[in-house]
Amino acid sequence: MELKRVVVTGLGALTPIGNNLSDYWEALKNGKSGAAPITHFDASLFKTQFACEVKGFNIEDHMDRKEARKLDPFAQYAMVSASEAMADSALLESNPNLDKIGVIWGSGIGGLKTFQDEAEGFFKGDGVPRLNPFFIPKMIADIAAGHISIKYGLRGPNYVTVSACASSTNAIIDAFNYIRLGKAVAIVTGGSEACVNQMGMGGFNALKALSTRNDSPETASRPFDLDREGFVLGEGSGALILEEYEHAKKRGAKIYAEVIGGGMSGDAYHMTAPHPEGIGARNTMIAALEDAELSPSDIDYVNVHGTSTPLGDVAEVKAIHDVFGAHAYNLNISSTKSMTGHLLGAAGAIEAIACVMAVQNDIVPPTINHFTDDPELDNKLNFTFNTAQKRTVNVAMSNTFGFGGHNTTVIVKKYQG
């Protein structure tokens, strides 16, 4: 069976550094930090009092207030980024077969704020179970895909992937596979997360996973720096329209890039820590290269998972050395989490978008907040520290890894017709 080509024809972004694709990309190029003191709630009693929140966002600018109240913030974010991507793609203007267009979304946690609000109300009450009838439909992670499909009448494959921080990359890979196997002509994919709330911050603080650099939030996410001490929690959403190439070509669609491979692996090691030798990270990159029928020397840029944790950054660098060998020194490597924070289940989506834009524009966004080299890392590698770099980017790779040992990689290349 001949596999079909898959291209990217629409993008949408709602992030801590930009509420649309254009603003997001400009902020990435300029090395803008999205970290700031928390405004969603009073965080004064928390160990970490800052995060990468979406800023200047009002859902009523995008939908009716009554409808918005039926959605948890993670689903609101999904609807907004999907709307931008759909408009960008002009997918529905050609009157396509809606039975062949689907939604495959990713979210690591889903409606955490809804769960928190309902539980808080219940336990403050008289013990009688008076819960909002929208409690369950607002909370469940799959509802984001459901709402997107309902809005646009998309009757193709419809579900959500849940694999912690790898969730949206899993969604992108599934969408890619459905299209190249001929099961769909287009799929709205990506991911969303909204965990900057008391339960999210408290839970990750309890794990000792977050930076506590409250005196300097904007420099707290510092991947590959000697003084990194945890990730910065982020929120938001990213959406991509993946489409079968001939379908896109026939309707005259704008094409950003081509998706050519995806890889997945498991660490089989620890609940939250990566394998210290980066075995799972190595295996997913190798799987993606094999799927794309590429050699390591074909890759120009790797958008790494790079969360700014002491263990994770070291393991991923070891994996890069294992996979790329001498070519590792020809790569540009960067962690855009240094700017956006870690969007958990939405991380893969916004980072895949960063790769698509890097390929299209031949610009590698930086890893900001580098102050001191870590002697445990190979500092001869080009981590694209502090300043974006112009270079030809024909092929880019995006890595995302999640608690539970879930590892995913997606590869995109420059569109050449």
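What you see is a predicted model; the values in this text were computed from it and never measured.

Undergrad: Describe the nonpolar core, listing the residues and the values that go with them.
TA: Among the nonpolar cores identified, the biggest contains 44 residues, and Val8, Leu11, Tyr24, Leu240, Leu242, Tyr256 and Val356 are the most heavily contacted of them. Elements with a minimum of two residues in this core: strand 1 (6-14), helix 1 (21-29), helix 7 (167-180), strand 7 (236-244), strand 8 (257-266), helix 13 (347-361), strand 11 (363-364) and strand 14 (406-414). The element contributing the most residues to this core is helix 13, with ten residues. Not counting chain neighbours up to four residues away, the residues in contact with Leu242 comprise Val6, Val7, Val8, Ile172, Ala175, Phe176, Ile179, Val185, Ala186, Ile187, Thr189 and Val259. By size, the runner-up hydrophobic cluster in this structure holds 33 residues, among which are Phe74, Leu91, Ala141 and Ala186.

Undergrad: Quick one: what's the story with the packing of aromatic side chains, residue by residue and with numbers?
TA: Per the counting criterion, the structure on display carries ten aromatic pairs. Connected via pairs of aromatic rings, a cluster forms that spans Phe204, Phe231 and Phe403. In this structure, Arg5 packs its charged tip against the face of Tyr245, placed 4.1 Å from the ring centre.

Undergrad: A description of helix 7 should follow, citing residues and the corresponding values.
TA: For helix 7, with 14 residues, the first-to-last C-alpha span of 20 Å sits near the 20 Å given by 1.5 Å per residue. Counting buried positions along helix 7 yields twelve of 14 residues, so the element is predominantly enclosed. Residues Ser167, Ser168, Thr169, Asn170, Ala171, Ile172, Ile173, Asp174, Ala175, Phe176, Ile179 and Arg180 constitute the buried set of helix 7. Just past helix 7, the residue Gly182 takes up positive phi, approximately 85°.

Undergrad: Go over a nonpolar patch on the surface with me, naming the residues and quoting the values.
TA: Residues Met1, Leu3 and Leu181 make up a contiguous nonpolar surface patch of about 330 Å² in total accessible area. With respect to the secondary-structure elements, Leu181 resides in the loop between helix 7 and strand 6 (186-193).

Undergrad: If you had to explain helix 10 (residues 279-292) to someone new, which residues and values would you point to?
TA: Its 14 residues place the ends of helix 10 20 Å apart at the C-alpha level, agreeing with the 20 Å of an ideal helix rising 1.5 Å per residue. The inward-facing, buried residues of helix 10 contact strand 8, helix 11 (310-324), strand 13 (395-402) and strand 14. Residue Glu293 follows helix 10 closely and has a positive phi angle near 55°.

Undergrad: Could you give me a rundown of the environment of Gly402, with the residues and numbers involved?
TA: Relative to the helices and strands, Gly402 resides in strand 13. Assessed through its relative accessible area of 13%, Gly402 is described here as buried. In sequence terms Gly402 and Ser338 are 64 residues apart; their C-alpha atoms lie 17 Å from each other. When neighbours within four sequence positions are excluded, Gly402 is seen to be in contact with Ser163, Ala164, Cys165 and Ala166.

Undergrad: Tell me about the pattern of salt bridges, and please be specific about residues and values.
TA: This model, assessed by the stated rule, comprises 17 salt bridges. The partner of Arg180 in a salt bridge is Asp291, with the nearest N and O atoms 2.8 Å apart. A residue pair is termed long-range when its members are at least 10 positions apart, and Arg180 in helix 7 and Asp291 in helix 10 qualify at 111 residues. Here Arg180 falls in the buried class, since its relative accessible area comes to 11%. Assessed through its relative accessible area of 25%, Asp291 is described here as partly exposed. The partner of Arg228 in a salt bridge is Asp313, with the nearest N and O atoms 3.4 Å apart. On the criterion of sequence distance, the pair formed by Arg228 in the loop between helix 8 (198-206) and strand 7 and Asp313 in helix 11 is long-range, its members being 85 residues apart. Asp313 matches Arg228 in its accessibility class, with the two residues each being buried.

The rules behind the values
Residues numbered from 1 in each chain as written. Predicted model: local features only at pLDDT ≥ 70, side-chain atom pairs only at ≥ 80, totals over all residues. Heavy atoms only, no water. Core = buried A, V, L, I, M, F, W, Y, C linked by side-chain atoms within 4.5 Å. Buried < 20%, exposed > 50% of the residue type's maximum accessible area, 1.4 Å probe, protein only. Helix = DSSP H or I, 4+ residues; strand = E, 2+ residues; numbered from the N terminus. Contact = heavy atoms within 4.5 Å. Phe/Tyr/Trp six-rings, centres within 6.5 Å; stacked < 30°, edge-to-face > 60°. Lys NZ or Arg CZ within 6 Å of the ring centre and 35° of its normal. Expected span 1.5 Å × (residues − 1). Patch = residues over 30% accessible without salt bridge, like charges linked within 9 Å, V, L, I, M, F, W, Y side chains within 5 Å. Areas by Shrake-Rupley, 256 points an atom, 1.4 Å probe, with all protein chains shown as cover. Salt bridge = Lys/Arg side-chain N within 4 Å of Asp/Glu carboxyl O.

Limitation: the analysis is restricted to geometry and does not speak to function.
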